[in-house]
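# Geometric and topological summary
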Amino acid sequence: MDGQELRRIRKKLDYNLRDFAEKVGISRAQLSKYEREVTGLSEERVNQIKQKIGLALVSECELHVHFDYLKFTFFDSTIQTVIETIIGIPMKYFIVEETKQHNYQLKYSCGNLVVFAWIEDDSQGILMDLTGQGVYELEQFLESKELNLKDWLANVLDSSWYLSRGYYSRLHSTRLDIAIDEIYDPMNGNFDLYELKKRRDQDLIKTDFQVYREQEKKFREDHGGLTLYYGSRGGEGMFVRFYEKRYELASKMRMTLDEVLEEHGIWNRYELELGKGYNEQVFNDYINGVSLDEIAINLLLSKFEVYDEQVNKSGNVERMRFRSEYGESFSSFMPVDDMGVFLDGNHLLEIVQKMPFGVGMKIQAVFSENKGQLALSGRSSRARTRTKNIMQEAHVAGTKQKRKILEGQLSLDDLDQKIDDGEDILDWKAFLVVSGAMKKQMNIRKKYLLNRFSGLKMPLLKATFDNPYLFQSTLYGNFTKSKYQNSKWRHTSTVASFAEMNFFTSLKSGTSLGFYFGRVDSTIEEKEDRQAIVSNSKNLIYLNILLSNKQNIKGKKTNNPHFALVGDTGNGKSVTAKKLFMECALMKDRVLYIDPKKEMRRQYMRVINDKEYQKKYPLDVEFIKSFNFVTLDVRDKKNIGVLDPIVLFDKTEAIATAKAMLTNIYEGTWNLKQKTAINEAISKVVEQRQKGKIVGFWHVIDELVNSKVEDVQDMGRFLISTIKGSVLELSFSRGDVKGLSFDAKVTILEIEDLDLPKEKNEVLDENKRLSVTLMFALGEFCAKFGSRNPKEETVVFFDESWIFQSSPEGRAILKSMKRVGRSQNNFMVLITQSVKDLDDGEDGTGFGMVICFDEVNNREGILNYLNLPVNETNLKWVSNMVQGQCLFKDMFNQINRVVVDVIFEEWLELFKTIDDTDASVMENQFVA
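Let me sum up the structure you'll find in this document. (Residues numbered from 1 in each chain as written. Predicted model: local features only at pLDDT ≥ 70, side-chain atom pairs only at ≥ 80, totals over all residues. Heavy atoms only, no water.)

Before going further, it helps to examine helix 34 (residues 872-879). Turning to helix 34, its buried residues number three or more, namely Asn 874, Trp 877 and Val 878. One face of helix 34 carries all of its buried residues, which in axial projection span an arc of 95°. Structurally, the start of helix 34 carries an N-cap: the backbone nitrogen of Thr 873 is 3.3 Å from a side-chain oxygen of Asn 871. (Buried < 20%, exposed > 50% of the residue type's maximum accessible area, 1.4 Å probe, protein only. Helix = DSSP H or I, 4+ residues; strand = E, 2+ residues; numbered from the N terminus. Arc of directions from axis to C-beta. Polar contact = N/O pair within 3.5 Å; in protein donor to acceptor, adjacent residues only side chain to side chain.)

Now the structure itself:
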C-alpha cells in the first residue's frame, strides 16, 4: 500500500484527515506524511490500518467488511429511554410521523437513525431499525462521544447493564446484516460473479441452502448487473446475496462505470442477512475481540464449498488432485470442530482407525501461554463474560439454563484453577484427510465422515476453501496460523485430556510383511457373513509366522515360535490351518502336517484330478503333486514298526514315549508291580539299544512276558493280544527297521484306520484308545522332526493335538514338542478344540501367537486365556463372531477380532471338507 492508495481508501470511506487518523490510531500529521509519501508505510503499519478499518486481504482482493443492518427490539421500555439513553441523542433532533411500517404506528427518524413505537400499547416493544447508512451514522455519532460501536453493543447486549438500570427487560435482535465490499483492484483484477455462476452451473458449489435464484438486470444499455441469491429471507437462518455493486451504484447515481470505480472503488458486494439464530454468536464474538471480517468470512465458509475447475482429458470437471508415479487421487482436509467441554473417552485416533476406508490424521499442538490478554487468562475472562450474559438472559426470560451453559461454566472454573496451579495446557488442532481414486469416491467418503463424526459429537468442518492451504501448512515443519479459522480449529485442553484421543492405539494386527491373512473387524456388531467384514474393513493383516523367533523386531513381545489354533468345529479352524500350511509350503522351510483325520490327501487328490481344475490352475496342480503324501497303513508290512519309539528317539524321549504308550493301552490302571516292570523293561531295552544292540519295542513286551511275576506275565500276554493286528503295530518292531523319515520339503502324514475320539471327554472304546496311544509316538516324532537340523527352519502342523491333554503322559509329550522351538528353529502349529487344551500352569513355554475361534460353552475361558476382562461387551464381542472370524493375538501381543480371508479360489477348493448340498445352496439364495 502506498500513499495514494491510502488517500483513496480514506476518501472512499468518507473520512476527513483528522477523523481517519483517530480511527486508525495514528497522529494527523503522520497520516498526512504517509499520504504525501513523505514517509513510507511499513508492512506492520499497513496491517494496523487495515485492521482498524475492517479491511482484509483475501485471495489478493481487498475487502471492506461492515455492519449493513441492525434491528433491535427493546421490551418494557419507553421511546424516550431508547432514543435519549440507549442511542444517546436528544428527542428534539428526531422527526415523528405516523406509519404502518413493520406494523407500528409511529416512526421517529434522525437522518437514517429510525425508531418505531406504538402510541399506547408497548407489548410489541420499541424497534430500532438501522440500515447500513444508519449504522454508519450511529458509528459517527458514537465516535464524537469518544465511543465505538463495539463498546456500545457490549452495553446494550449486557443484561447486567440494562437490568440494573431498568432501561428494558429484554432485547431481541431479529436481523443483522454484514456486508463485504470487494474493493476495485485494477492491478490484480477482481472476482467475476459470472465465474461463480459458472461453477454453480457445473455443480462446483456445494451448499446447505435449498433455495437458489439468480437475476440479471440492465441498469443502462451498457451496464449489466448479476445478482445471486441463496436461501430465504426471514426466520432464524441466513440469506446470502452476491451482486455487482458497481452497476447498482452506476445506475443509482447516473454515473459511468469508470466514474463509480474511481469515486467509490467498490467492485462486488457480498451481503449476509442473519436471522436471530445467528445473531447471538456473532455479537458475542465481535464484542470479545473477533474481527468482523473474520466473523463474516467464517460464516461464508460454513455455508459454501467452492471447488476449483479442473478439466481432465475427457472434458470432465475435476477437483483438487494429486499425481505420482503410482497413480492419482483426490483429497480433502477436514478440521475437527468443537468437541464439547469434556474430552474424556473421546478416543478420536482409535475411531479414525475404525473407518471402513483409509483416513489420514494430522495433529499439531503447542503449549499455551498462561498469562496475558491474548493468552489463556484473557481468553478465559472473555469466555466467562459471555457465559455470564447468557445465563442472566436465560434467567430473565424464564427459560431453563441449558446443560451446555452449566458445563461451560464448570470448565472455565477448572481452567482458571489449572492456570493458577501452573498446569500445562495445550492448544491443538486436528485434521482428517480423506482421499479417493475418483472425486465421486472422495465425496462419498467425505460425506460419510461428516455424518459419522457428527453422530459421535465430534463434528468436522468442510473447509473447502482452505484445502490447498491445509495441505501446505500441515506438512512437516509447518504450523497452521490461519487468520480466519483459528477460532474454529483451535482446541484447548490439559495434556491428560489431550491423551484421551488414544495416541499410540493401534488396530494393526500381524506383521508388516508376509502373506495376506485377513482383516481386522473394528466393530462390535454382528456381521451378516465373513464377506461383510472384509468389505467394511481397511485394516489388512499380513502374517509371517517365521518372524516370531527372530531378534531385533521392534515392538515384538515374544520370541516364542509356537502357534495355537483353537475353537469349535465348523467355525473356520481347519481352513485357517490349511491356509497357513500352504503359505509355509511356498517358503524355503521344511513343512510337516500331521493329519489324523485323514482329510487332506483325499480332498487334494480329488481336486487336482478334476479336469476343469487342471485347466484353470495348472501351476497349483504341479505344486501339490510335489508334496510327499505318506499314509501309514498297518496292512502294508513295510510300515510295521516305523514309529517304534525305541528306534526313533534318544534315550530320554524313548523312555518317556514308551511309558506313555504302555500306560495308555489299558483302560484300567496297572498295579504297582506291573508299573515297576514296565519301567524296568523299557530302561533295559533302551540301554541295550544305546549300546548298539538291535532291539525294539517288541523286546519290552518280551521282557514282561518272561517275567517271574504272574501279574506281569498276564500284562505281557494282554499287551501282545491287544497290539497284534491293531494300528499299534506301526510302533512295534524288533529293532531291524529304519524308522519313519521325511526328506521331502513338504510332507502330509496320515494314518489309515486311525479311529480318534470326536470329543475330548468321550468314553474310549478299544480302537479309539489304541489310536490315541499311537498319537503319543507321532507327537514325539514331531519334536524330533523339528530338532534334526537347527540351521533349517521347520514347521510342524499337528491337528487334533488336544488328545495329549487326556493324560499326564500325553501332556509330557506335548511339553516336549513345544520345547523344541526357538533354539532349534522349529515352529509348531497346534490345532485343538479349546483354549483349555493350552492352559498348563506347569508349562512356561506357552504360545507366541494364538487364534481363538468361538467356543460356545467356553467364551469366558477364551477371554481369560487372552487376559481380557470378562464383561458384557467382550462376551458380545466373542459371541457375535461369524464363520471365519476369530480373536487373534499376534507376536506383538496385539489382540484383535479378525476375519480370515482366503483370496485364492483354487485354495478354497482344496480346503473344502464338506461339499455344498442342494439344500444349502437354496438356503443361501434366500439370505437377505
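That covers the picture; the talk isn't over yet.
Attention now moves to the environment of Asn 671. Residue placement: Asn 671 occurs in the loop between helix 27 (651-665) and helix 28 (672-690). Along the sequence, Asn 671 and Val 712 sit 41 residues apart, while their C-alpha atoms lie 9.4 Å from each other.

Among the secondary structure elements, Pro 468 is positioned in helix 18 (residues 467-473). Note on Pro 468: relative accessible area 43%, which makes it partly exposed. In this structure the C-alpha to C-alpha distance between Pro 468 and Ser 332, which are 136 residues apart in sequence, comes to 9.0 Å.

Spatial ordering of the open sheet is given by 22-21-31-30-29-23-28-27-24-26-25, a layout of 11 strands whose pairing is mixed. Each edge of the sheet is formed by a strand with only one pairing partner; in this case those strands are strand 22 (540-543) and strand 25 (628-632). Taking each pair of neighbouring strands and ignoring which way they run, the sheet shows an average axis angle of 25°. Of the pairings in the sheet, the one linking strand 23 (residues 563-566) to strand 29 (residues 849-852) comprises four bridges and is parallel in character. Pairing of Phe 563 across the sheet is with Met 849, part of strand 29. Relative to the sheet, helix 23 (residues 600-608) contacts strand 24 (590-594), strand 25 and strand 26 (746-751), its axis offset from that of strand 25 by approximately 135°. Packing of helix 31 (residues 766-787) onto the sheet brings it into contact with strand 24, strand 26, strand 27 (794-798) and strand 28 (826-832), and relative to strand 27 it is tilted by some 165°. (Pairing = 2+ DSSP bridges. Axes fitted to C-alpha atoms, helices over the stretch in contact; angles between N-to-C directions. Contact = heavy atoms within 4.5 Å.)

The next point concerns the packing of aromatic side chains. Evaluated as defined, the whole model comprises 34 aromatic pairs. Aromatic pair Phe 581 and Tyr 593: ring centres 5.4 Å apart, planes at 75°, arrangement edge-to-face. Residue Phe 581 is found in helix 22 (residues 573-586), and its partner Tyr 593 is found in strand 24; the two are separated by 12 residues along the sequence. Residue class for Tyr 593 comes out buried when judged on its relative accessible area of 1%. For the ring pair Tyr 604 and Phe 629, a centre distance of 6.3 Å and an interplane angle of 80° mean the geometry is edge-to-face. In this pair, Tyr 604 is assigned in helix 23 and Phe 629 in strand 25, connecting sequence segments 25 residues apart. (Phe/Tyr/Trp six-rings, centres within 6.5 Å; stacked < 30°, edge-to-face > 60°.)

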